[in-house]
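Spelled out, the chains give:
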Amino acid sequence: TEAVGEGQLVQRVKLFGVLEGAKQSEIIVTTPNLLQKVHVEVGDEVRNGTHLASMRDLALSPLGFRHQPLKAQHDAAQADLARIESLHAQGAVTDQQVEHARAMANAARADYESAVASIRITSPIAGTVTRIDFRAGEMVPNDRPLMQVADIDTVMVDLMAESVDVAMIEAGQEVEVTTLALPDRTFIGTVVERSMAAYPVINQFRVRVAVPNPGHLLLPGYPVQAEVLARSDEATLIVPQDALIEW
């Protein structure tokens, strides 16, 4: 004989989405510039502030339109300092005039060196370099990412649920996540957020799921199927499958 009793009915709500990092940042430059060097590779772990790449402002290159005025200002200040120091040696100018000329020359040199120095591109977050879109020597526009950095220790997926399904879903529920990229693996995640209002036009609710990702097997951009294990709040009569008889 098989025991019949009360229990909670588990319903599987099947939804679909695309993975993304728990945090991720598209590294976009503010002005188009020449990429001098990339200091990281795809897969490298980086910290907030890690030097990712060096760029050069073409306007400040030797052939750029801003280089010559800065160079002329620098050279003029250095020449003026040399002239003042020569006159000072002859007793024709005061110490104060020498100090003023020296300060002006130092300021002009600092401005010039700062302007022509490489532009440092640093990471705004800690994570993994997941993509590099340009190579050294290429021009990087300001409307396309240079690279992407993402925290993939945990990956996230936003699922869109119909109203009939979202009523059964709540934060904390277990989610089984699978992807065709890893057909033999099932990953266990958790519902961390369920929107309280439907998105206009599509009239669906967002369900956000976090999936621990040891080994970084799951990558941003993987399409996934997620089955939310939604449990009924009401006690239900549970009949063991072995006790059922087909007619």
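Here's what I pulled together on the structure shown here. Note that the structure is predicted; figures quoted are calculated from it, not measured.

**Considering the overall build of the chain**
And step 1. Per the secondary structure count, the chain includes three helices and twelve strands.
And step 2. Expressed as a percentage of the 247 residues in the chain, the buried residues total 32%.
And step 3. Residue pairs in contact within the chain that sit at least 24 positions apart in sequence constitute 73% of those at least 6 positions apart.
And step 4. A total of about 15100 Å² of accessible surface is found on the chain, and carbon and sulfur atoms cover 53% of it.

**Considerations on the sheet that holds strand S2 (residues 33-38)**
And step 1. Read from one edge to the other, the open sheet built from four strands follows the order S5-S4-S2-S7, with strand pairing classed as antiparallel. Every other strand in the sheet has two partners, leaving strand S5 (119-122) and strand S7 (139-140) as the edge strands with one partner each.
And step 2. Across two bridges, the pairing between S2 and S7 is antiparallel. Within S7, the position partnered with Leu 34 by the bridge is Met 139.

**Observations concerning the pairing of S2**
And step 1. Direction of pairing for S2 relative to strand S4 (residues 51-56): antiparallel, over a ladder of four bridges. When the bridges of S4 are listed, Lys 37 appears paired with Ser 54.

**Thoughts on the pattern of salt bridges**
And step 1. Using the criterion set out here, one finds eleven salt bridges in the structure.
And step 2. The closest approach of N and O atoms between Glu 85 and Arg 102, which form a salt bridge, is 2.9 Å. With Glu 85 in helix H1 (residues 67-89) and Arg 102 in helix H2 (residues 95-116), this residue pair connects regions lying 17 residues apart in the sequence.
And step 3. Given a relative accessible area of 34%, Glu 85 falls into the partly exposed group.
And step 4. Linking Arg 131 and Asp 133 is a salt bridge whose minimum nitrogen-to-oxygen distance equals 2.9 Å.
And step 5. The structure contains a network of salt bridges with shared partners spanning Glu 20, Asp 158, Glu 193, Arg 206 and Arg 208.

**Side note on the side chain of Asn 213**
And step 1. Of note, Asn 213 is situated in the loop between strand S11 (205-212) and strand S12 (223-238).
And step 2. Assessed through its relative accessible area of 1%, Asn 213 is described here as buried.
And step 3. Looking at Asn 213, its side chain comes within polar contact range of the main-chain nitrogen of Leu 217, at 3.2 Å.
And step 4. In contact with Asn 213, other than residues within four places in its own chain, are Ile 152, Asp 153, Thr 154, Val 155 and Leu 218.

**Considerations on the side chain of Glu 227**
And step 1. With respect to the element layout, Glu 227 can be found in strand S12.
And step 2. A polar atom in the side chain of Glu 227 sits 3.0 Å from the side chain of Arg 12.
And step 3. What Glu 227 contacts, discounting residues up to four positions off in sequence, is Arg 12, Val 13, Lys 14, Glu 174, Val 175 and Glu 176.

**Points about the environment of Glu 45**
And step 1. Looking at the element boundaries, Glu 45 is found in strand S3 (residues 45-46).
And step 2. Distance in space between the C-alpha atoms of Glu 45 and Ala 126 is 7.7 Å, their sequence separation being 81 residues.
And step 3. Dropping the residues within four chain positions of it, Glu 45 is found in contact with Gly 127, Thr 128 and His 216.
And step 4. At 2.8 Å, the side chain of Glu 45 and the side chain of Thr 128 are in polar contact.

**A short note on the pairing of strand S8 (residues 147-161)**
And step 1. Looking at chain direction, strand S6 (residues 127-132) and S8 are connected through four bridges and run antiparallel. Its bridge partner lying in S8, Thr 128 is registered against Ala 150.
And step 2. Looking at chain direction, S8 and S11 are connected through eight bridges and run antiparallel. Within S11, the position partnered with Ala 161 by the bridge is Phe 205.

**Concerning the nonpolar core**
And step 1. One finds Val 207 and Val 209 to be the most contacted residues of the largest nonpolar core, which totals 24 residues.
And step 2. Contributing elements (two or more residues each) for this core: strand S1 (5-27), S8, strand S9 (174-179), strand S10 (182-194), S11 and S12.
And step 3. With six residues, the top contributor of residues to this core is S8.
And step 4. Those residues in contact with Val 209 that lie beyond four places of it in its chain are Val 155, Met 156, Val 157, Leu 159, Val 175, Gly 189, Thr 190, Val 191 and Val 192.
And step 5. Of all hydrophobic cores here, the second largest spans 16 residues; its members include Ile 27, Val 140, Leu 146 and Val 149.

**Regarding a nonpolar patch on the surface**
And step 1. A grouping of Tyr 199, Val 201 and Ile 202 is seen on the molecular surface, where their side chains present a nonpolar patch of about 340 Å² in accessible area.
And step 2. Looking at where Val 201 falls in the secondary structure, it is placed in the loop between S10 and S11.

Cut-off values and rules
- Residues numbered from 1 in each chain as written.
- Predicted model: local features only at pLDDT ≥ 70, side-chain atom pairs only at ≥ 80, totals over all residues.
- Heavy atoms only, no water.
- Helix = DSSP H or I, 4+ residues; strand = E, 2+ residues; numbered from the N terminus.
- Buried < 20%, exposed > 50% of the residue type's maximum accessible area, 1.4 Å probe, protein only.
- Contact = heavy atoms within 4.5 Å.
- Areas by Shrake-Rupley, 256 points an atom, 1.4 Å probe, with all protein chains shown as cover.
- Pairing = 2+ DSSP bridges.
- Salt bridge = Lys/Arg side-chain N within 4 Å of Asp/Glu carboxyl O.
- Polar contact = N/O pair within 3.5 Å; in protein donor to acceptor, adjacent residues only side chain to side chain.
- Core = buried A, V, L, I, M, F, W, Y, C linked by side-chain atoms within 4.5 Å.
- Patch = residues over 30% accessible without salt bridge, like charges linked within 9 Å, V, L, I, M, F, W, Y side chains within 5 Å.

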